[in-house]
Amino acid sequence: MQLTNRSKQVSNKEMTLAEKMYLPAVIGGLAITIRHFFRKKPTIQYPEVKKYLGPIYRGHHVLKRDEQGRERCTACGLCAVACPAEAISMVAAERKKGEESLYREEKYAAVYEINMLRCIFCGLCEEACPKQAVYLRHDRMVPVFQERDEVIYGKDRLVEKMDDRYVRIASSEVQATPTEPSLTRAAT
């Protein structure tokens, strides 16, 4: 009775002197090393040339604005509930008279914070948002933290600036080579 059709017949033949001294394995390893030594280096000159991260990279968080510059977030809390690391916290507030140009809905996030040490960049907050207010940029990495108080991002660091709008492009439209960044900023 045979349990699998992938079984191999093993032979216990005597090893030669070269095989006992591991010469074929050492020569094979040296051949691989020499081949890699003469290959083209994949190194890029980082500060001048930035590596294209790809259309599915999840990087820096951004709270989107609409075309009139109003915040899209309505403080529904679905992003905080969807976050498996519990990195998102928010406080909702009612819009006052005269703030119609700042917030789209009657309710908005007065405080919106993301603890970047807890965030695992899974993108579930982006998927859970019904207003498409939360995005993880695919063209910008999260900067390195120097101090402990720099890791909690508030609305001052998350809300997008109107002169630096983020536009998500489809992966089929990307024409960048692996070492040149794609253009992802809106013309407006």
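For every chain, the first residue of its written sequence is number 1, and the numbers climb from 1 along that sequence. In keeping with the model being predicted, local features are shown solely for residues with a pLDDT of at least 70 and side-chain atom pairs are shown and tallied solely at 80 or more, while totals for entire chains, interfaces and linings include all residues. Hydrogens are left out, water is left out, and the side-chain values use all remaining heavy atoms of the structure.

> Mind showing me how you'd approach the pattern of salt bridges here?
A side chain of one charge can pair with a side chain of the opposite charge when the charged atoms of the two come close. The salt bridge criterion pairs a side-chain nitrogen of Lys or Arg with a carboxyl oxygen of Asp or Glu, the two atoms within 4 Å. Across all of its chains, the model carries 9 salt bridges by this definition. Measuring nitrogen to oxygen at the nearest pair gives 3.9 Å for the salt bridge that ties R95 to E106. Placement of R95 in the loop between β2 (88-94) and β3 (107-115) and of E106 in the loop between β2 and β3 is noted, with a sequence separation of 11 residues between them. Type-normalised accessible area, obtained with a 1.4 Å probe on protein chains alone, sets the label of each residue: buried when under 20%, exposed when over 50%, and partly exposed for intermediate values. With relative accessibility at 22%, the residue R95 sits in the partly exposed group. In this structure, the salt-bridge partner of E160 is R165, at a minimum N-O distance of 3.0 Å. Exposure remark for E160: the relative accessible area of 3% places this residue in the buried category. According to the relative accessible area criterion, R165 is buried, its value standing at 11%. Salt bridges here are not isolated pairs; linked through shared partners, they connect K64, E160 and R165. Going along the chain from the N terminus, every DSSP run of H or I of four or more residues is numbered as a helix, and every run of E of two or more is numbered as a strand.

> In this structure, what is going on with the environment of Y153? I would like to understand it.
Following the sequence through the fold, Y153 ends up in strand β5 (residues 152-153). Expressed as a C-alpha distance, the spacing of Y153 and H61, which sit 92 residues apart in the sequence, is 9.1 Å. When checking whether two residues touch, look at their non-hydrogen atoms; a contact exists if any pair is within 4.5 Å. Beyond its immediate chain neighbours, meaning those up to four positions away, Y153 contacts H60, Y112, E113, I114, M116, V142, P143, F145 and L158.

> Is there a simple way to think about the UniProt feature "binding site: [4Fe-4S] cluster 1" (unreviewed entry) in the protein in this case?
Mapped onto the present numbering, the UniProt feature "binding site: [4Fe-4S] cluster 1" (unreviewed entry) falls on C73, C76, C79 and C129. Across 57 residues, the annotated set stays spatially compact, with a maximum C-alpha separation of 10.3 Å. Within this annotated set, the second largest cavity is lined by C73, C76, C79 and C129. Mapped onto the elements of the fold, C73 is located in the loop between β1 (61-63) and α3 (78-82). Using a relative accessible area of 11% as the deciding quantity, one classes C73 as buried. Excluding residues that lie within four positions of it along the chain, C73 makes contacts with K107, Y108, A109, Y112 and A133. Locating C76 in the fold gives a position in the loop between β1 and α3. If we skip the residues at most four places from it in the chain, C76 touches M90, K107 and P130. UniProt positions are given in the numbering used here, feature names are shortened, and annotations may be inferred rather than shown by experiment. Using protein atoms alone on a 1 Å grid, points that fit a 1.4 Å probe yet trap it form a cavity, whereas open point sets bounded by protein on both sides within 12 Å along at least five of seven lines form a pocket; residues with an atom within 4 Å of a point count as lining.

> How should I be thinking about the side chain of H60 in this particular structure?
Counting through the fold element by element, H60 comes out in the loop between α2 (23-37) and β1. By relative accessible area, H60 is classed as buried at 10%. Those residues in contact with H60 that sit more than four places away from it in its chain are Y135, L136, R137, R140, M141, V142, P143, Y153 and R157.

> In this structure, what is going on with empty space enclosed by the protein? I would like to understand it.
The gaps of empty space that remain are located by a probe, the size of a water molecule, rolled over the atoms. Grid points are joined across faces, edges and corners, and a volume is the space filled by probe spheres set on the points. Enumeration according to the criterion identifies 2 cavities of 30 Å³ or more in this entry. Lining the largest cavity are 15 residues, and of these H61, C83, C119, C122 and C125 sit closest to its centre. Three classes are used, and their members are as follows: Ala, Val, Leu, Ile, Met, Phe, Trp, Tyr, Cys and Pro are nonpolar, Asp, Glu, Lys and Arg are charged, and the others, Gly among them, are polar. The residue makeup of the lining of the largest cavity, split by class, is 13 nonpolar, 2 polar and no charged. The calculated volume of the second largest cavity comes to roughly 70 Å³. Every residue lining the second largest cavity is counted, 13 residues in all, and those nearest its centre are C73, C76, C79, C129 and P130. Looking at the lining of the second largest cavity residue by residue, the class counts come to 10 nonpolar, 2 polar and 1 charged.

> Explain the side chain of E71 here, please?
Its place among the elements puts E71 in the loop between β1 and α3. Residue class for E71 comes out buried when judged on its relative accessible area of 10%. Within the local environment of E71, its side chain forms a polar contact with the side chain of K155, the two groups lying 2.9 Å apart. If we ignore the near neighbours within four places in the chain, the residues touching E71 are K64, R65, L102, Y103, R104, K155 and V159. Polar contact is the term for a pair of N or O atoms within 3.5 Å; when the atoms are in protein, one must be able to donate a hydrogen and the other to accept it, and sequence-neighboring residues count only if both atoms are side-chain atoms.

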